[in-house]
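Residue-level structural notes
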Amino acid sequence: MTNAPGNGTIHFKGTDIIILLLAVLLCVWLYFSLWFGQAIGKADTLIVQIDDQSPTEYSLKNDRLLKFNGRIGTSLIEIKQGKARFIHSSCRNQFCVFHGWLTTPGDTTACLPNRISITLKGYASEYDALAGER
Amino acid sequence: MPIKILPARLLFVGLLTLLISCQKTPVAQVYQQQLFAFGTLIDISIVTKNSQQAQDAISEISSEFDRLHTQWHPWQGGELALVNQQLPALKAIAISNELAELIKQSQTLSQQSEGLFDPAIGKLIRLWQFDQLEKDNFQFHLPSPKAIQSIVDSKPEMANLKLFKNAANRSFLQSDNPSVILDFGAFAKGVAIEKMLTILKAHHIDNALINAGGDLKVTGSKNQHPWRIGIKNPQNAQDPSQPAILAAIQLNSGEALFTSGDYERFFIANGRHYHHIIDPRNGYPGQGVRAVTILDTDAGRADAAATAIFLAGPKKAMNIARKMGVTHLLLIDSDNHIYLSPAMAKRLELLTENSTSIFSTHD
């Protein structure tokens, strides 16, 4: 690209055009991938709250089993493929286990007798809250 | 290949603008806290620059929820429990003005709902043990049809209660039916949330959301955007391959969203599914409806109406809604067909492909 001073024109070569086009394409791609990409609206973090303690966060990227002690005993929580659930709790009714997998940001369930809750969080959740039975 | 400088400069500025638009918008300063209170899980979101202000409000809310939970629990040592012990004697009982107000409001709503919402059926709720869900030391047993029928036949209803004040402005309550026991399980949460909003106001918090176990009310907005709520899809509870969210809705300041559903709190006995919404007309869990969601500016009314309309079913839903003064309702029947009131249809963004119909205003 040469700039001939004085005559107000820029001389573009063929490669300049290609680079310019690539730059425009890169911008468009970044725009869509950053605004509407996979990460947005998907859960990536599990928040575990035990009684009145401050909550602890776990990444959903690594499959693992978490064991916690609550008021009446232990609760076992499974993280698998970006989802989480209670797989055991020392309560009799097992509402938390019946709830099944949490998959969406904002989704939450708790073992109330054991005072342990699990909630999913995403990078940019679509909703400020979820309404409905829980 | 010559190009004029001006268009080249414009192109450059254009590209820069595109890059800048990739920047994230500023993150809302939302202070969030979860409480175990009122027999459920409560999520509080407060938009503020001052986290101390949020913490002070939340700690007051937390103790207020605890106080109301004790006072309004049907049989655990608070004021209502004491009242319930004395009611069957049919004598006048001195009660707090706060409890008198709760009873008065529910009498009105009960009458409007044609008795579908009726906190006087505490005996039935106790028989079904749905007042003990949060307790750990009990096992569900199916009540005997005979025991259910004998309570239903004794016709306990809010109209059996008389409220009056003495010369010193003290409130009194008297029952004329020994079968009346009060249980505000379908109302207390709504009334409590209204009280929490008053506490927020006293702390000069204008933008907040209180979500008590999936029933919620908002005030203000979240950084100039309305609060955006996802309504859970009941089908997802049994079949995780179904979409998790049924519909999206944006709430204006002062609006509450309350749901009565059969899909989370239930027992299974002899292969049958027994949920917690008991029909005062026959004493059994309501049939034919999976969930009802009500949008209203009064959380207490929304709470009571969700229960009443769940029991009313699609045929009577609009009629009962109108009598209770409710305009926005969503009902999902047991075949997963969606019914919307015209006002609700305008507000909701449905995200599933369930068959849907809109109630006519003449229903």
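Residues numbered from 1 in each chain as written. Chains lettered and ligands numbered in written order. Predicted model: local features only at pLDDT ≥ 70, side-chain atom pairs only at ≥ 80, totals over all residues.

Our focus in this paragraph is the nonpolar core. All names here are of chain B. Membership of the largest hydrophobic core comes to 123 residues, with the highest contact counts inside it found for V292, A305, A308, I309, A317 and L329. Sorting elements by how many residues they give to this core places helix α9 (residues 299-324) first, with 15 residues. Not counting residues within four places of it along the chain, the set of residues in contact with A308 comprises S113, L116, F117, I320 and M324. (Core = buried A, V, L, I, M, F, W, Y, C linked by C-beta atoms within 7 Å. Buried ≥ 20, exposed ≤ 12 C-beta atoms within 10 Å, placed from the backbone. Helix = DSSP H or I, 4+ residues; strand = E, 2+ residues; numbered from the N terminus. Contact = placed C-beta atoms within 7 Å.)

Bringing the domain arrangement of chain B into the picture now. All names here are of chain B. Each domain of chain B was delimited in the assignment, giving domain 1 (27-72 + 186-217), domain 2 (74-175) and domain 3 (226-363). Using C-alpha coordinates to define each centre, domain 1 is positioned 24 Å away from domain 3. Each side of the interface is counted separately: domain 1 has twelve residues, and domain 3 has eleven residues. Counting residues per element, the ones that place at least two in the side of domain 1 that touches domain 3 are α7 (188-202) and β8 (215-219). (Domains from an automatic or database assignment.)

To continue, consider the packing of helix α2 (residues 51-71) of chain B against α7 of chain B. Residue and element names in this part refer to chain B. Following both chains from N to C, one finds α2 and α7 inclined at 150°, their axes separated by 10 Å at the closest point. On the basis of their axis angle, the class for α2 and α7 is roughly antiparallel. α2 and α7 meet at a crossing whose hand is right-handed. In this structure, α2 contributes A57, E60, I61, E64, F65 and L68 to the contact, and α7 contributes A188, A192, K195, M196, I199 and L200. Considering only residue class, the contact of α2 with α7 consists of nine nonpolar, no polar and three charged. (Axes fitted to C-alpha atoms, helices over the stretch in contact; angles between N-to-C directions. Parallel < 35°, antiparallel > 145°, perpendicular 65-115°, else oblique. Left-handed = near helix turned anticlockwise from the far one by under 90°. Nonpolar A, V, L, I, M, F, W, Y, C, P; charged D, E, K, R; others polar.)

All names here are of chain B. With phi around 55°, F38 is a residue other than glycine that occupies positive phi space. Tracing the backbone shows F38 in the loop between β2 (30-37) and β3 (40-47). Unlike most non-glycine residues, L90 shows phi in positive territory, near 60°. Positionally, L90 belongs in the loop between α3 (79-86) and β4 (93-95). Judged by the 14 C-beta atoms lying within 10 Å of it, L90 is partly exposed.

This part is about the pairing of strand β7 (residues 208-212) of chain B. All names here are of chain B. By the criterion of burial, β7 is predominantly enclosed, with five of the five residues buried. Both β3 and β7 contribute to a ladder of five bridges, which runs antiparallel. Residue pairing in the sheet places S45 in a bridge with L209 of β7. Strand direction decides the pairing type here: β7 and β8, joined by five bridges, are antiparallel. (Pairing = 2+ DSSP bridges.)

Residue and element names in this part refer to chain B. Tracing the backbone through its elements, the reader meets S110 in helix α4 (residues 97-112). Taking the C-alpha atoms as reference, S110 lies 18 Å from T297; in sequence the two are 187 residues apart. Those residues in contact with S110, other than ones at most four positions away along the chain, are G115, F117, D118 and M158.

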